[in-house]
Amino acid sequence: MAWVLLVLAGLLEVGWSIGMKFTEGFTRLWPSVFTAAGIVASMLLLSQAARTLPIGTAYGVWVGIGAAGAAIVGMAVLGEPATAARIFFVALLLVAVVGLKATSGH
C-alpha cells in the first residue's frame, strides 16, 4: 500500500508543479488554491508512505516521479523543447526511480 500512496504522491507533485505555472506567482486565486491543495495532499501521501518505506527511497522516488512527470508534461503539453538530450535525461530519472524501487527491499 505504501508504494501506491507514494506513486499517487508523485503524480500529485507533477500536478502541483505544473499548476505553479498557472498561478502567476500565486496571484491567481483558483490556480493557487488547487496548487496549494496539491502540495498539501502530495506531502501527506509522501509522509504516509515514508512510515513504512525508507525515507531516502520514498523521497527519491517522489522527486523522480515529480521531476520526470513535470518534464514530460512540459514537453508534451506546454510546448517546452523535446530534445534528444532532455528525453535521455528524463529516461535516466525514470531508470533511477525503478532502481530505487527494485533495491528498496519492500
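Residues numbered from 1 in each chain as written. Predicted model: local features only at pLDDT ≥ 70, side-chain atom pairs only at ≥ 80, totals over all residues. Heavy atoms only, no water.

**Student:** Let's hear about the overall build of the chain: which residues, and what values?
**Tutor:** When its secondary structure is counted, the chain shows 4 helices and 0 strands. In sequence order, the chain lays out its α and β elements as α-α-α-α. Structurally, the chain occupies a C-alpha span of about 40 × 35 × 15 Å along its principal axes. Counting across all 106 residues of the chain, residues that qualify as buried make up 34%. (Helix = DSSP H or I, 4+ residues; strand = E, 2+ residues; numbered from the N terminus. Buried < 20%, exposed > 50% of the residue type's maximum accessible area, 1.4 Å probe, protein only.)

**Student:** Please set out the confidence of the model for the chain residue by residue, giving values where relevant.
**Tutor:** For the chain, the average pLDDT comes to 97, and 100% of its residues sit at 70 or higher. Confidence, read as mean pLDDT per element, is least for helix α4 (residues 84-102) in the chain (96) and greatest for helix α2 (residues 29-49) (98). (pLDDT = per-residue confidence, 0-100.)

**Student:** Requested: an account of the nonpolar core, with residues and values cited.
**Tutor:** Judged by nonpolar contacts, the single largest core of 13 residues is most densely connected at L6, L46, A49, L53 and V61. The element contributing the most residues to this core is helix α1 (residues 2-23), with 5 residues. Residues contacting V61, with those up to four places away along its chain left out, are W3, L6, V97 and L100. (Core = buried A, V, L, I, M, F, W, Y, C linked by side-chain atoms within 4.5 Å. Contact = heavy atoms within 4.5 Å.)

**Student:** An account of the environment of A2 is needed here, citing residue identities and associated values.
**Tutor:** As for its position among the elements, A2 is in helix α1. As for A2 and T52, which are separated by 50 residues in sequence, their C-alpha atoms are 6.8 Å apart. Not counting residues within four places of it along the chain, the set of residues in contact with A2 comprises A49, T52 and L53.

**Student:** Account for the side chain of S32, naming residues and giving values.
**Tutor:** Structurally, the position occupied by S32 is in helix α2. Assessed through its relative accessible area of 10%, S32 is described here as buried. Contacts of S32, omitting those with residues within four sequence positions, involve T23, F26 and T27.

**Student:** Tell me about a nonpolar patch on the surface, residues and numbers included.
**Tutor:** On the surface, a cluster of nonpolar side chains totalling about 490 Å² of accessible area is made up of M1, V4, V7, L8 and L11. Owing to a relative accessible area of 37%, V7 belongs among the partly exposed residues under this scheme. (Patch = residues over 30% accessible without salt bridge, like charges linked within 9 Å, V, L, I, M, F, W, Y side chains within 5 Å. Areas by Shrake-Rupley, 256 points an atom, 1.4 Å probe, with all protein chains shown as cover. Salt bridge = Lys/Arg side-chain N within 4 Å of Asp/Glu carboxyl O.)

**Student:** Mind laying out the UniProt feature "transmembrane region" (unreviewed entry) in the chain, listing which residues take part and the relevant values?
**Tutor:** Mapped onto the present numbering, the UniProt feature "transmembrane region" (unreviewed entry) falls at residues 29-47, 59-78 and 84-103. Here residues 59-78 runs as 90% helix and 0% strand, with 26 Å between its end C-alpha atoms. (UniProt positions renumbered as here; feature names shortened; annotations may be inferred.)

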